[in-house]
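# Understanding the architecture of this molecule
Each chain, letter by letter, is given below.
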Amino acid sequence: MPIVLRCHKGIGPAVRGTALVAADNFSARYDLDRKQGVFSRPTHKLAGESYVGRILVLDQAKGGVATAWMLRDMRERGVVPLALVFNRVNPILAQGAAFAGVALVDRFAGNVTDLIRTGDELCVDPSGGVVEILNRDN
Amino acid sequence: MRLGDEEQAMLAGAFGEPRRWAIGHQIAVGEFFDAADLVPVSQAHIMADTESLGEAGVSFLEHLASAPEAERRVQVPTLTDPRGLDVAVYKRLGQSEAMRSLEARAIAALQAFGVLMTDTCINYQTIMPPVRGEHLAMGDTGVVIYSNSVFGARSNFEGGPSALAAGLTGRTPRYGYHLDECRRPTRRFRLQARPRDLSEWGALGGIIGQECGSYWEVPLIEGVEEIPGSDALKHFGAALASYGSVALFHMPGVTAETERGRPARVAPRIGRAEIEAFVASHGATGDKVDVVVFAAPQLSLLEMAAVADALAGRQVHPQTTLLVATSPEIKHAADRMGLTRRIEDAGAIVAAGICFYQSYAGELAEANGWKRLVTNSAKLVNIIGGYGYRPTLLSLERCIDSAVAGRVV
């Protein structure tokens, strides 16, 4: 049986993919090399990691407003995360996900960066407010 | 979400495609945040620099802007945040013709909506200060936090698409800082040392921002015994918003709303040691300086005068670039008052309508071989590491001294 995590109803399509997890925050402008598709901020816990096609599991959205535009351009250039799974986001990440059509969920019962591990296979269903961990049962 | 008759008609496309897209986007965001309805706004402010938009964003704007004029005109005054380049200086900075071309396309599209090209992140100092209780859709975190805190206005962070949507509908979803219940302080801090200059006010914002770490935290800062000026609060708020994603703070005796209570939790104390440790964490004394930047936020007229005074009779080192970014309005004033000439005579560049980090900062680093960046903006220090720079935070005077020496002093 997969592990079922319930969250607030989200934005964007249902997707299935592999998790990349860190107890850290996120801004497309502050943290990413959006040409190479990697985390570029030296102090970020995912520095050097490719985010392309991964389900990013992080703590909070941070910083400025640029992510609202950037996610759509990243999607059209094929250098976008598959989904965003956060403890709590700010308006910018929600606006950016809505504009780009990228899956986004937040507001879980526990700390999602503890509940999900890097490499977990996830099914993210924003309209149902559910994330399933498919590869393990504890 | 509850929609009125006009909003239902907008959603059905009765007022054209731009407004149909806009209200659909607002409903998606509003439902995510459990907004009950839409609230009318008196102004919108769009962050639309082309580095962020990319080809996808510019094409989107052009598509919407191709609608008939009656369908595409914004319904409330809509301003712009800084742009990606200043045509007067882009060649000197090593920016490309492709960047200029994309920028021209974005400007043409924005103008077709009837957007006012203010190109500024200090509109609260230079264009139209908001008033208490005014609902806004502001598209720059520094503008939002200053408007909410110092004036008691009401705005969430509105990214470019959402700010454009607000301009087109004249409304925004009613959640977050539009609501009384979100404006109560959630954290207390006690200040035990007065920041000595703008860089230290930014450092204080950075310290509190790191502690808060969430858009939904509202810090109450006690112990501010002397009233900070507008530029100090500007740097403080911009850094707090940048490091913490914070959109509202309260400072008893200074900010607009101090009747919203006080969290019981014991307040962390911030003194001289904490401020100096924050500044020192970016220290690089003796390193070669590639670029010194005064921006983020754009400089007020008083800051322009301070830069001109600090440069008096000196020359920027030939291996160092000194860049000063301000708004078009302040640039005109600085031109008229001779400040621009005094700054540029010292070998610096004065740019209007940009704010450095929104101006292809990564490409600028590559084109010019820039690595070590010195600034008095804590916000810029926080942002610019992701673009490959090594930033150092210094006072305005030490930034100038470093620009002249060509190394961090």
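Residues numbered from 1 in each chain as written. Chains lettered and ligands numbered in written order. Predicted model: local features only at pLDDT ≥ 70, side-chain atom pairs only at ≥ 80, totals over all residues.

It is worth spelling out the nonpolar core at this point. A:Val85 and B:Phe356 are the most contacted members of the largest nonpolar core, which totals 176 residues. A per-element tally of this core places helix α10 (residues 230-244) of chain B first, with eight residues. (Core = buried A, V, L, I, M, F, W, Y, C linked by C-beta atoms within 7 Å. Buried ≥ 20, exposed ≤ 12 C-beta atoms within 10 Å, placed from the backbone. Helix = DSSP H or I, 4+ residues; strand = E, 2+ residues; numbered from the N terminus.)

Counting buried residues in helix α3 (residues 91-100) of chain A gives ten out of ten residues, a clear majority hidden from the surface. Three or more residues of α3(A) are buried, namely A:Pro91, A:Ile92, A:Leu93, A:Ala94, A:Gln95, A:Gly96, A:Ala97, A:Ala98, A:Phe99 and A:Ala100. Here the buried face of α3(A) lies against α2 (67-76), β6 (83-88) and β7 (103-105) of chain A together with α2 (17-32) and α8 (160-169) of chain B. Backbone geometry just after α3(A) places A:Gly101 at a positive phi near 75 degrees. (Contact = placed C-beta atoms within 7 Å.)

Residue and element names in this part refer to chain B. Ala 296 connects to Pro 297 through a cis peptide bond whose omega is 0 degrees. Among the structural elements, Pro 297 can be located in strand β8 (residues 291-299). In this structure, Asp 34 is a non-glycine residue whose phi angle is positive, near 60 degrees. Looking at the secondary structure, you find Asp 34 in the loop between α2 and β1 (38-40).

Before going further, it helps to spend a moment on the sheet that holds strand β9 (residues 130-133) of chain A. Two strands in a sheet stick together by hydrogen bonds in their backbones, pointing the same way (parallel) or opposite ways (antiparallel). All names here are of chain A. Spatially, the seven strands line up as an open sheet ordered β1-β9-β8-β2-β5-β6-β7, and their pairing is mixed. At either end of the open sheet lies a strand with only one pairing partner, and these are β1 (3-6) and β7. Averaged over all pairs of adjacent strands, the angle between strand axes in this sheet comes to 30 degrees, irrespective of strand direction. Direction of pairing for strand β8 (residues 121-125) relative to β9: antiparallel, over a ladder of four bridges. (Pairing = 2+ DSSP bridges. Axes fitted to C-alpha atoms, helices over the stretch in contact; angles between N-to-C directions.)

Any two packed helices are characterised by how steeply their axes cross, that is the angle between the axes, and by the distance between the axes. Residues and elements named next belong to chain A. Closest axis-to-axis distance for the α2/α3 pair is 7 Å, and the angle between their directions is 35 degrees. α3 is crossed by α2, and the crossing has right-handed handedness. On the side of α2, the interface is formed by Thr 67, Ala 68, Met 70, Leu 71, Arg 72 and Arg 75, while α3 contributes Ile 92, Leu 93, Gln 95, Gly 96, Ala 97, Phe 99 and Ala 100. Of the residues belonging to the contact of α2 with α3, the class tally is eight nonpolar, three polar and two charged. (Left-handed = near helix turned anticlockwise from the far one by under 90°. Nonpolar A, V, L, I, M, F, W, Y, C, P; charged D, E, K, R; others polar.)

Residues and elements named next belong to chain B. Assigned domains within chain B: domain 1 (5-180), domain 2 (185-279) and domain 3 (283-405). On a C-alpha basis, the centroid separation for the pair domain 1 and domain 2 is 28 Å. Taken together, the contact pairs 16 residues of domain 1 with 16 residues of domain 2. (Domains from an automatic or database assignment.)

The next point concerns the interface of chain A and chain B. Across the boundary between the two partners, chain A contributes 34 residues, which contact 31 residues of chain B. Put simply, the parts of the chain that give the side of chain A that touches chain B at least two residues each are α1 (28-31), α2 and α3 of chain A. Its residues assigned to classes, the side of chain A that touches chain B shows 15 nonpolar, eleven polar and eight charged.

Residues and elements named next belong to chain B. Read across the open sheet, the five strands follow the order β10-β9-β8-β11-β12; overall the sheet is parallel. Looking at strand neighbours, the two that pair on one side only are β10 (349-352) and β12 (390-393), the edges of this open sheet. Neighbour-to-neighbour, the strand axes of the sheet open up by a mean angle of 25 degrees, direction not taken into account. Two elements, β8 and strand β11 (residues 372-375), share three bridges in a ladder whose sense is parallel. Bridge pairing in β11 places Val 293 opposite Thr 375.

This paragraph deals with the pairing of strand β5 (residues 187-191) of chain B. Residues and elements named next belong to chain B. Along β5, the buried face is formed by Arg 187, Phe 189 and Leu 191; none of Arg 188 and Arg 190, which line the opposite face, is buried. Sheet topology note: the β5/strand β6 (residues 219-222) ladder contains four bridges and is parallel. Residue pairing in the sheet places Phe 189 in a bridge with Ile 221 of β6. In terms of handedness, the path from β5 via helix α9 (residues 198-212) over to β6 forms a crossover that is right-handed. Across two bridges, the pairing between β5 and strand β7 (residues 269-270) is parallel. Residue pairing in the sheet places Leu 191 in a bridge with Ile 270 of β7. (Right-handed = clockwise from strand over helix to strand, strands pointing away.)

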